[in-house]
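Residue strings, one per chain:
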Amino acid sequence: MAVLPIRITGDPVLHSPALPVTLFGDELRSLVSDMFETMEEAPGVGLAAPQVGVPLRVFVYNWLDDDERLWRGVAINPELLISPAPIGAADEDTESEGCLSIPSERYPLRRGERALLTAFDLDEKAYEIHASGWLARIFQHEFDHLDGILYADRLEHTHAVAVAKTIKKSKWGVPGNSWLPGVDDIDA
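Rules behind the numbers
- Residues numbered from 1 in each chain as written.
- Predicted model: local features only at pLDDT ≥ 70, side-chain atom pairs only at ≥ 80, totals over all residues.
- Heavy atoms only, no water.
- Helix = DSSP H or I, 4+ residues; strand = E, 2+ residues; numbered from the N terminus.
- 1 Å grid on protein atoms, 1.4 Å probe; cavity = no way out; pocket = protein on both sides within 12 Å on 5 of 7 lines; lining within 4 Å.
- Points joined across faces, edges and corners; volume = space filled by probe spheres on them.
- Nonpolar A, V, L, I, M, F, W, Y, C, P; charged D, E, K, R; others polar.
- Phe/Tyr/Trp six-rings, centres within 6.5 Å; stacked < 30°, edge-to-face > 60°.
- Buried < 20%, exposed > 50% of the residue type's maximum accessible area, 1.4 Å probe, protein only.
- Lys NZ or Arg CZ within 6 Å of the ring centre and 35° of its normal.

1. A few points about unusual backbone geometry
Move 1: Here the amide bond leading from A42 into P43 is cis, since omega sits at -15°, within 30 degrees of zero.
Move 2: Here K171, not a glycine, exhibits a phi torsion of approximately 65°, which is positive.
Move 3: As for its placement among the helices and strands, K171 is situated in the loop between α3 (157-169) and β9 (178-179).

2. Some words on the layout of surface pockets
Move 1: In this structure, the largest pocket spans a volume of roughly 380 Å³.
Move 2: Of all the secondary-structure elements, those providing two or more residues to the lining of the largest pocket are β5 (96-99), β6 (102-108) and α2 (133-146).
Move 3: No other element matches the 6 residues that α2 contributes to the lining of the largest pocket.
Move 4: Classifying every residue of the lining of the largest pocket gives 8 nonpolar, 7 polar and 5 charged.
Move 5: When its volume is computed, the second largest pocket comes out at roughly 240 Å³.

3. Some remarks on the packing of aromatic side chains
For any pair of aromatic rings, geometry is given as the distance between the ring centres together with the angle between the planes.
Move 1: Here the structure, examined in full by the defined rule, presents 3 aromatic pairs.
Move 2: A centroid spacing of 6.1 Å and a plane angle of 45° characterise the contact between F59 and F139, whose relative ring orientation is tilted. One end of the pair, F59, is in strand β3 (residues 58-64); the other, F139, is in helix α2, and 80 residues separate them in sequence.
Move 3: Ring centres of Y61 and F139 lie 5.0 Å apart, and the angle between their planes is 75°; this geometry places the pair in the edge-to-face category. One end of the pair, Y61, is in strand β3; the other, F139, is in helix α2, and 78 residues separate them in sequence. One exposure class covers both Y61 and F139, and it is buried.
Move 4: For the cation-ring pair, R137 lies above W134, with the distance from its terminal atom to the ring centre recorded as 4.9 Å.

Right, dumping it as structure tokens:
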């Protein structure tokens, strides 16, 4: 297992749709293992393959809910159905999220309250999860990465302007920027 560099916004792999997984084998198992280790070292609650430079439709997640239930798994070639987001402005206290590819930043974002994830595991077995609350938010965030969408692309105008200024000031937004969890001093 290895901790992988996390690509920062501006890298083309983050802004392009990922490709379906066609080979389930040792290479995929190694990638998923490395993604879990990278996510845990960052730390994060989800990580998509494009964030580590691999343009495949794979994400991992690891989140403990309020009932102390651990949601941990891999979603390969996922599909996601989501409920419409509530109308109105996002709440900064309860709806702020961040992204390992835009380190140290958090902004409020309205997301659907419920989601239905269907995907395959490493053994090519199909599964589905009915998610709500933060788990639904995690699935939506990671699924967006597989379509080349970062959460910053979905922000309300005021917050979109703020994140754009941060990206410019940090000299991100161009290919070639990454950070290595456990090595680089970035407060993700």
